[in-house]
Structure formats: C-alpha cells, structure tokens
Amino acid sequence: APGEGGGGGTGGAGAFTLPVRFENDPGDDVLALFIASRVLTSETQLWREAIGHVRHWFKETGGLDVPYSALVGENQNFPLGKWLSDRRVEKAAGELASWRVTQLDGFGMIWSVSDARFEAGLDWAQVWAKDHGGSLAAPARASVGGYAIGTWLSELRAAAQVPAGEQGALSPERRRALEKIDPWWCPAWPITWQRAYATARQWWLESDGQVDWAQLPESTVFEGEQLGRWVQAQRAGFPGLEEDQKDLLAAIGIEEDPELVAAEAKPTVSRTDRFAQGVAALAAFVEQHGHPRVPRPHKQPLETAEAGPNGEDRVVVQHVALGTWLNNQKARRAKLTPGQLAQLAEHGVEWA
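Residues numbered from 1 in each chain as written. Predicted model: local features only at pLDDT ≥ 70, side-chain atom pairs only at ≥ 80, totals over all residues. Heavy atoms only, no water.

### Notes on the overall build of the protein chain
Per the secondary structure count, the protein chain includes 14 helices and two strands. Put simply, the protein chain has 352 residues, and 32% of those count as buried. For the protein chain, the share of sequence-separated contacts (at least 6 apart) that also reach a separation of at least 24 residues comes to 47%. Of the roughly 22,100 Å² that the protein chain leaves accessible, carbon and sulfur atoms contribute 51%. (Helix = DSSP H or I, 4+ residues; strand = E, 2+ residues; numbered from the N terminus. Buried < 20%, exposed > 50% of the residue type's maximum accessible area, 1.4 Å probe, protein only. Contact = heavy atoms within 4.5 Å. Areas by Shrake-Rupley, 256 points an atom, 1.4 Å probe, with all protein chains shown as cover.)

### Re the side chain of Q194
With respect to the helices and strands, Q194 occurs in helix α8 (residues 191-206). Classification of Q194 as buried rests on a relative accessible area of 3%. Here W189 takes part through its side chain, which lies 2.8 Å from a polar atom of the side chain of Q194. Q194 has contacts with A137, W184, P187, W189 and L248, leaving out every residue within four places of it along the chain. (Polar contact = N/O pair within 3.5 Å; in protein donor to acceptor, adjacent residues only side chain to side chain.)

### Points about unusual backbone geometry
Unlike most non-glycine residues, D208 shows phi in positive territory, near 55°. By the secondary structure assignment, D208 is in the loop between α8 and α9 (227-236). Relative accessible area serves as the criterion here: at 66%, D208 is assigned to the exposed category. The phi torsion at E223 lies on the positive side, around 55°, for a residue other than glycine. With respect to the helices and strands, E223 occurs in the loop between α8 and α9. Classification of E223 as exposed rests on a relative accessible area of 61%.

### A few points about the environment of E256
For E256, the position within the fold is in the loop between α10 (243-251) and α11 (258-263). On the basis of relative accessible area, E256 is assigned to the partly exposed category, the value being 38%. For the pair E256 and A236, spaced 20 residues apart in sequence, the C-alpha to C-alpha distance is 6.5 Å. Those residues in contact with E256, other than ones at most four positions away along the chain, are R235, F238, P239 and V261.

### Here's the deal with the packing of aromatic side chains
Applying the stated criterion to the full structure yields 11 aromatic pairs. Counting every residue linked through ring pairs, the aromatic cluster contains W184, W189, W193, Y197 and W230. One residue, K91, lies across the ring of W111, its end atom 5.2 Å from the ring centre. Over the ring of W47 we find R100; its NZ or CZ atom is 4.4 Å from the centre of that ring. (Phe/Tyr/Trp six-rings, centres within 6.5 Å; stacked < 30°, edge-to-face > 60°. Lys NZ or Arg CZ within 6 Å of the ring centre and 35° of its normal.)

### A short note on helix α12 (residues 271-289)
The end-to-end C-alpha separation of α12 is 27 Å, in line with the 27 Å expected for 19 residues at 1.5 Å each. When α12 is considered as a whole, its buried residues turn out to be F275, G278, V279, A281, L282, F285 and V286. All buried residues of α12 fall inside an arc of 165° around its axis, so they share one side. Residues E287 and Q288 are exposed on α12 and point more than 90 degrees away from its buried face. Trailing α12 by a residue or two, G290 shows a phi angle of about 80°, which is positive. (Expected span 1.5 Å × (residues − 1). Arc of directions from axis to C-beta.)

### Structural notes on the environment of A233
Positionally, A233 belongs in helix α9. Taking the relative accessible area as the measure of exposure, A233 reaches 43% and is therefore partly exposed. On a C-alpha basis, the gap between A233 and L260 in space is 8.7 Å, while along the polypeptide they are 27 residues apart.

### Points about the packing of α8 against α10
Between α8 and α10, whose axes approach to 10 Å, the crossing angle comes to 20°. It follows from the interaxial angle that α8 and α10 lie roughly parallel. Relative to α10, α8 is oriented so that their crossing is left-handed. Residues W193, Q194, Y197 and W204 of α8 form the contact with α10, whose own contacting residues are Q245, L248, L249 and A251. (Axes fitted to C-alpha atoms, helices over the stretch in contact; angles between N-to-C directions. Parallel < 35°, antiparallel > 145°, perpendicular 65-115°, else oblique. Left-handed = near helix turned anticlockwise from the far one by under 90°.)

### A closer look at the packing of helix α5 (residues 113-131) against helix α7 (residues 172-181)
The N-to-C vectors of α5 and α7 enclose an angle of 10°; their axes lie 10 Å apart at closest approach. In terms of their interaxial angle, α5 and α7 are classed as roughly parallel. Between α5 and α7 lies a crossing whose hand is right-handed. From α5, S114, D115, F118, L122, A125, Q126 and A129 reach across to α7, where they touch R174, A177, L178 and I181. Looking at side-chain class alone, the contact of α5 with α7 contains seven nonpolar, two polar and two charged residues. (Nonpolar A, V, L, I, M, F, W, Y, C, P; charged D, E, K, R; others polar.)

As structure tokens, this is what we get:
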C-alpha cells in the first residue's frame, strides 16, 4: 500500500504490510472487491470491540460466565462465548499478552470453566440446603431457581466414588466445600435413606424436638415422604444399620423397638462374618478383573456352603453387594482393625 505524502511505490517510505489469510481461495474478483472496499480490521480494533461486549456483559450479569454459543451486539453477530474460549486456549498456551490477561481479570474472567461451574453449583447447593434443613440429599430431578441441583449433586456423588488420583475423581477441596454445607451429602448408604432422614429431622425440628416416634401413625406423610412407614422400618431394622446411621437416628430420638425387631428377626450374621464374606467377594473380583476398583453398583457372585434341610452340605451362590460394601469399609476405615486393613491392602485396596 503506498505511503502518504510522496514516495508512492510499494515498500517506499511510510509503507506497511498487513498479512491477510482467507479460509478458501477468494478468487480474483472477490479479492479485488475486498481491497477496493478496504475491509481491513486490525487485531487491536477487534480486541477493543470484544472488550466492549465483555464490559457490557459484565455490567448486565456481574460476571463472565458466558455460554460458548452466546452471540451479542446490536445484530447478535459477535460470538462472545467463542471469543472468550479462544482467549482461554491462548492463555493456556502462553500466547496471551499479560496486559490482556490483566484487563480480562478486571471483569472477572473465568479461566477454568470447570471451577466456575462448580462455584455456581455450590451457590445453588447452599440455597437448596437452606430450604431443606441443611441437607443436600436432593432427588436426581430436583431443581432450584431453574438450576438442576439434583443432577449436579448426582454427578459429584459419582465422582466421589472414583479412587483418588484417577481421572474423574472428586478433588479433596471440592469434597470439603460440600461437606461444609452438609457432612452427609455423599453417605455410604443410599441417598434415599438420607433424604428420608432429612425429612424426619425436619419434622422433629418443627416439633421443637418433642416427638413420640412410637405413636407416629404409619400413614403419616410429610414433604412427600412416607414418614410414618419409614420411621417404623428404622425402629424395626435398627440392629442392621451402620453405626453412623444409628447415631443420626438417636440424635432426633428414633430408637430401636425390641418388639418390632423381634417381629422382623432374621438369622443374624456377625459383623466379623460379614467382613469375611466381603473380603472373599473382593478376592474373587480381583482374581477375575486384575484390580480392586469395584464399581459402586457391582454385585459379586460368591459360592458358599450351607447346610441343607437334611443336614447335607450344599453350594449356594450369593450375590454380594461388593461395591457398596467396599465403600462402607472406606467410610468407616478408622474403626477397622489393623488385621482387617491388612486383608484389604493384601488385595490392592490403596486407602487401606
């Protein structure tokens, strides 16, 4: 391009060179029209335009949590979401100028989308817990303020089951942040039990702690839960609960009912025997798969011998809920004996 004020040859004084790249061959006619129209936008101009949209978005929303597909501007033709995503890629590669990083930081730039989404979910989790007696035992389809809090929590509970250090595992920092809201957000027992417990606790709180659970009608329904039926089931099945479950129930006055327990009585299996059965199932799983990373829902078939009706021994196949059992042992590992920990470690269980 000829410079201004004389010396008009290409490359003369005042000349400049601007590289232009086309996605496809534009052809001579299109190229001539492009040059004649001088449709040239410098990188600085594009940056200023983008920052203008960034400033407007920040002013309207208070942050830069911009969906990737977001189009902004008077004609909705500026891809702000994509533009911000490209800047994240540039920063990760060390290609974004420090002054531009600082400028974006001034608007609350989110460099980690994963962290930003977790913080947003955590805010909604606090809202949910405040409205539900401090509990995060939300149903999978639950939502609050239009946010799918149930799905978010379900995904995090799944991540909490992934062994530490493996891809997809929940970080200790995120686990602590959730436990700060609800220590039982991801219990060793089914989340449905925890949700029913939260409902019972809410009933107890609203009754100022003056509840005669033994007299609660079995047909009682509260907050959509069959509360009366659930309470009776806990009083009848008290001996078979985990120690932490018993402590939670005792905290709101729900205790074992000897008569109901007797009516529900089944042949008891000692904790020691259950542990031995779990170890045997774990050994079978490791022999079959070559590792001890048992999925939470997995049930391991295990052959055991028991006495038949005529006194003879017979082989019975039991399906041990190995994933749940192993998770329960991890939750109560402080209560396991050194010998029990050694048995688990022998089969490759890292936390033991």
